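Each chain, letter by letter, is given below.
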Amino acid sequence: MTQVCRLTRAGGVVQVQDLGRKQSMHHGITESGAADRQAFLWANRLLQQQHDTAMLEITVGDVAFDILHDVRIALTGADLNATLNGSPMDGWQSYNLRCGDTLAFGFPRSGLRAYLAFAGALDWPQIYDSYSWVDKEALPGTPVLKPGGVLRLYQIQPHAFQTAVPTRFVPDYNEPLTLDLLLGYQAHLFPTESIATFFKTEFEVQPASSRMGYQLAGAKVAHEIEQLYSEGIAYGAVQVPPDGNPVVLLNDRQTMGGYPKLGCISQRSGAALSQRLPGAKVRFRGQGYDEMVREWDQMMSFLEVEY
Amino acid sequence: MSSDVHIAPVSVDTWLLTWPLDQGALPDAHLVAVIGKLANNLRTHFGAAMVNTVPAYCSLMVQIDLRSIDWVHVEAAIRTWLAEFESTSQFAGRHHRISVCYDPDLGLDMHEFSALKQLTPDDVTAIHSQAIYTVFAVGFLPGFAYLGHVDERLSAPRRATFRATVPAGSVAIADRQTAIYPSASPGGWQIIGRAPQLPTPGDFSAGDTVEFVPIDRAHFDRLAGVSMV
């Protein structure tokens, strides 16, 4: 086991993430996991390691690390003005770092969450068979990475040639976003005009958005549906509370809720949404179930997630 | 029962089973036991291919691993089990006896609540601890169980103002539901007591039954002291 880096500054949020917990929602334990699965999977692919190997999710930025051992890393997701010993770094590629290097992140130029993966396995406690954690759950044994904290790696992998994601596959988090939505079994409870309004409206991401959910505002999606009995909430669920402002629920969502739901956005749409900052504009378009599966299959097989 | 269920995809890998409720009817303890049993069977039978099951009141959310199974096979298993369950009248979940101290020092809303319901705190204690409750769902917080149905005499809406922090162990009421807060959390339910020992995730499953055993303050302090060790 090798000490690989020390967190020296944490203005933004630094979390260890993998692809989240499984078989825990019936205990009230949220899914968690990397908010942008696409950027997460690319980072592990750049290092040619298991697709669900845990890494750091850095939100907003203003974070710095001292590198304590020669190590290979990959950087994907948001452009948070990363620098290596003061020199700008490009994202979506791997780097060979040396003991004594300083790796720093500034503030977002594009996107919100960067992924910093290490070639090797992180020494980090698992909760519910996952390396992901959620501060607010305060589960016993929840680890926190604070300034001064050190990360250690098992099976550290040697340096190798730099690899980079072909530029045509690098997403542009500044472009207007259209989210693919599968209309759900409760959509029929909404007035037809409200659904029409929903698909016509350009919504704006609100400041209160988080890994739990993205709050949107634009035209009100009017309805008079009363609170329903609480039921399980799927990733990407679009809830409409009585104020008519849709909320898109993501990784750290509560496991159950009782607000009416219009449907669910796709995994790829959720990943893209999680990279948007307050003020970003988003729209919705309908997607059929078969199309949603096709898109998911494409993403997974393209990113070589083991079948 | 199996014929009543409505099954619809909610996202790429998730389906929701819903059982319609009659107008004005409360969710039924037998149905939630069936849903809890179905969820257990799914997790046991399909193992890692069953990513999540969320049983609740009159629904079951089922998330599968699209890389290892097709929904048609899961749905076939569900229909088979539901048909089997129809010939069984009773499902035994686990029964939990939970000690609760109803001292108004710990039951932060006990005075206001009993006044609102035109009862004495002793009446509230007696009515609340006489019933056997069903676990209708687990969610909101890790280990938080929604229990019903609270006697109509104790049914009260959520507090007008939300508490920023409800102490861990608080036993509270909202409408026809009651619950124990497993950890300190914001909350708006009416707090009538406190349990000395906190539930942990995995303690409660949908379909289990719960009864509350009143204890006095000295007993509470002793148990709470023990549980801190």
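Residues numbered from 1 in each chain as written. Chains lettered and ligands numbered in written order. Predicted model: local features only at pLDDT ≥ 70, side-chain atom pairs only at ≥ 80, totals over all residues. Heavy atoms only, no water.

If you look chain B up in an unreviewed UniProt entry, it shows as Carboxyltransferase domain-containing protein from Arenicella chitinivorans.

Chain A goes by Allophanate hydrolase in an unreviewed UniProt entry, where it is assigned to Arenicella chitinivorans.

Bringing the overall build of chain B into the picture now. Of regular secondary structure, chain B possesses five helices and 13 strands. Relative to the 2.2 N^0.38 estimate, which gives 17 Å for 229 residues, the radius of gyration of chain B is 19 Å and therefore close to what a compact globule would have. If one aligns the C-alpha atoms of chain B with their principal axes, the spans along those axes are about 55 × 45 × 35 Å. Burial analysis of chain B (229 residues in total) assigns 55% to the buried set. (Helix = DSSP H or I, 4+ residues; strand = E, 2+ residues; numbered from the N terminus. Rg over C-alpha atoms; globule rule 2.2 N^0.38 Å. Buried < 20%, exposed > 50% of the residue type's maximum accessible area, 1.4 Å probe, protein only.)

Counted under the stated rule, the structure contains 23 salt bridges over all chains. Here Arg37(A) ties to Glu31(A) by a salt bridge, and the two come within 2.7 Å at their closest N and O atoms. Assigned by exposure class, Arg37(A) and Glu31(A) land together as buried. The partner of Asp208(B) in a salt bridge is Arg94(B), with the nearest N and O atoms 3.6 Å apart. Within this pair, whereas Asp208(B) is found in the loop between strand 12 (190-194) and strand 13 (209-215), its partner Arg94(B) is found in the loop between helix 2 (71-86) and strand 5 (95-101), the two being separated by 114 residues in sequence. (Salt bridge = Lys/Arg side-chain N within 4 Å of Asp/Glu carboxyl O.)

Turning next to helix 4 (residues 121-130) of chain B. The complete set of buried residues in helix 4 of chain B reads Val124(B), Thr125(B), Ile127(B), His128(B) and Ser129(B). Elements in contact with the buried residues of helix 4 of chain B: helix 3 (110-116), strand 6 (133-138), strand 9 (170-174), strand 10 (177-180), strand 12 and strand 13 of chain B. (Contact = heavy atoms within 4.5 Å.)

All names here are of chain B. The N-to-C vectors of helix 1 (residues 29-46) and helix 2 enclose an angle of 135 degrees; their axes lie 11 Å apart at closest approach. Here helix 1 is positioned oblique relative to helix 2, judged by the angle of their axes. Crossing geometry of helix 1 relative to helix 2 is assigned as right-handed. Two secondary-structure elements touch here, helix 1 through Val-34, Lys-37, Leu-38, Asn-41, Leu-42, His-45 and Phe-46 and helix 2 through His-73, Val-74, Ala-77, Ile-78, Trp-81, Leu-82 and Phe-85. Considered class by class, the residues forming the contact of helix 1 with helix 2 number 10 nonpolar, three polar and one charged. (Axes fitted to C-alpha atoms, helices over the stretch in contact; angles between N-to-C directions. Parallel < 35°, antiparallel > 145°, perpendicular 65-115°, else oblique. Left-handed = near helix turned anticlockwise from the far one by under 90°. Nonpolar A, V, L, I, M, F, W, Y, C, P; charged D, E, K, R; others polar.)

To continue, consider unusual backbone geometry. In this model, Gly148(B) is joined to His149(B) through a cis peptide bond whose omega is -5 degrees. Counting through the fold element by element, His149(B) comes out in the loop between strand 7 (145-148) and strand 8 (163-166). For Gln48(A), which is not a glycine, the phi torsion comes out positive at approximately 50 degrees. For Gln48(A), the location among the structural elements is in the loop between helix 1 (37-46) and strand 3 (55-59). The class for Gln48(A) is exposed, based on a relative accessible area of 70%. Of note in this structure, Gln118(B) is not a glycine but carries a positive phi near 55 degrees. Taking relative accessible area as the criterion, Gln118(B) reaches 74% and is therefore assigned exposed.

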